[in-house]
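Chain by chain, the residues run as shown.
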Amino acid sequence: MPTIAIVGAGPQLGLAIARTYGTHGYDVALIARNRTKLEDLAGELAAEGISAAAFPADVLDRAALTQALKGAAARFGGIDVLEYSPVGGLQTVMTTPAATEPADVQHEMDFQLYGAIAATRAVLPAMREVGAGTLLFTTGAGSVDPVPQVANVNAAAAALRNWVINLHKELDGTGVQAAHVAINVSIGTPAVPGFPTAQPEEISPVYWDLHTTERDQAELVFSL
């Protein structure tokens, strides 16, 4: 069976993506920091007939993240799709552009860009060897159209977006697809009064489309 590895797996979008792929016959490798929460998600998916397993790792620990992905590949016989969407903003003090210090951006760069690069390096060689695979990276829409109140987070997200689109160009013709997903809604519950909100199940199908029918796309912005 093919396998998707979800880095930053949680009970909202990560779980919805797992279900979307799982119902199409994919094994699911769940990667995040909290083993207990991951095992709960794996159990929930198993109760729905989806094969899933937990591989705890912190994306800030490059060696642990690499080992988790290699462990998932060994368990399931390879990784066909990587989806990267950890949430680090809760640990970051948001800053406006003029108030931003280099240190204000560093954590988000570690979390978003450098973690994504480490995850990619763990799975891309095998994908290139077989000439097939998909790499999907998620940010907020501030990576495309930044918002002053979260300038430091947007800066790191924009760096990830730039790298992913460039990776898409490099991989053209290899059979491996890289794409960036920018989400321009609150997920599940409104984060800001009046801001558009979508349920995870409304968003997750775009990840399947990028893997199957939209493989020429370097970027998709999800909005209502």
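This one's a predicted model, so the numbers in the text were calculated from it and none came from an experiment. (Residues numbered from 1 in each chain as written. Predicted model: local features only at pLDDT ≥ 70, side-chain atom pairs only at ≥ 80, totals over all residues. Heavy atoms only, no water.)

**Student:** Looking at this model, I keep getting lost on the environment of Val59. Mind explaining?
**Tutor:** Relative to the assigned elements, Val59 resides in the loop between strand E3 (52-54) and helix H3 (62-76). Given the relative accessible area of 5%, Val59 is considered buried. With 59 residues separating them along the chain, Val59 and Ala118 place their C-alpha atoms 8.4 Å apart. The residues touching Val59, leaving out its near neighbours within four places in the chain, are Val7, Leu65, Tyr84, Pro86, Phe111 and Gly115. (Helix = DSSP H or I, 4+ residues; strand = E, 2+ residues; numbered from the N terminus. Buried < 20%, exposed > 50% of the residue type's maximum accessible area, 1.4 Å probe, protein only. Contact = heavy atoms within 4.5 Å.)

**Student:** When you look at helix H2 (residues 35-47) in this model, what are you seeing that I'm missing?
**Tutor:** Spacing of three or four residues puts side chains on the same side of an α-helix, whose turn is 3.6 residues. The terminal C-alpha atoms of H2 lie 18 Å apart, and with 13 residues this matches the ideal 18 Å at 1.5 Å per residue to within 8%. For H2, the set of buried residues is Leu38, Leu41, Ala42 and Leu45. Projected down its long axis, H2 shows its buried positions confined to an angular sector of 100°, all on one face. Turned more than 90 degrees away from the buried face of H2 sit Thr36, Asp40 and Ala47, all of them exposed. Against the buried residues of H2 lie helix H1 (13-22), strand E2 (27-31) and E3. Looking at where H2 begins, the residue whose side-chain oxygen comes 3.0 Å from the main-chain nitrogen of Thr36 is Asn34. A positive backbone phi angle near 85° is found at Gly49, which sits one or two residues after H2. (Expected span 1.5 Å × (residues − 1). Arc of directions from axis to C-beta. Polar contact = N/O pair within 3.5 Å; in protein donor to acceptor, adjacent residues only side chain to side chain.)

**Student:** I'm lost on H3 in this one. Help?
**Tutor:** Taking 1.5 Å per residue, 15 residues should reach 21 Å; H3 reaches 21 Å between its end C-alpha atoms and fits that length. Listed in full, the buried residues belonging to H3 are Leu65, Ala68, Leu69, Ala72 and Phe76. The arc that holds every buried residue of H3, seen down its axis, measures 90°, which confines them to one face. Exposed side chains of H3 directed beyond 90 degrees from the buried face belong to Ala63, Gln67 and Ala74. Contact partners of the buried residues in H3: strand E1 (3-7), E2, E3, strand E4 (81-84) and helix H4 (102-130). A positive phi of about 85° marks Gly77, the residue just after H3.

**Student:** Help me understand the packing of aromatic side chains in this model?
**Tutor:** Two measures describe an aromatic ring pair: the distance that separates the ring centres and the angle between the ring planes. Counted by the stated rule, this structure contains six aromatic pairs. With centroids separated by 5.2 Å and ring planes inclined at 80°, the aromatic side chains of Tyr21 and Tyr26 adopt a geometry described as edge-to-face. Ring plane angle 85° and centroid distance 5.7 Å describe the contact between Phe137 and Trp163, whose orientation is recorded as edge-to-face. Placement of Phe137 in strand E5 (residues 133-140) and of Trp163 in helix H5 (residues 151-171) is noted, with a sequence separation of 26 residues between them. Judged by relative accessible area, which is 0%, Phe137 ranks as buried. (Phe/Tyr/Trp six-rings, centres within 6.5 Å; stacked < 30°, edge-to-face > 60°.)

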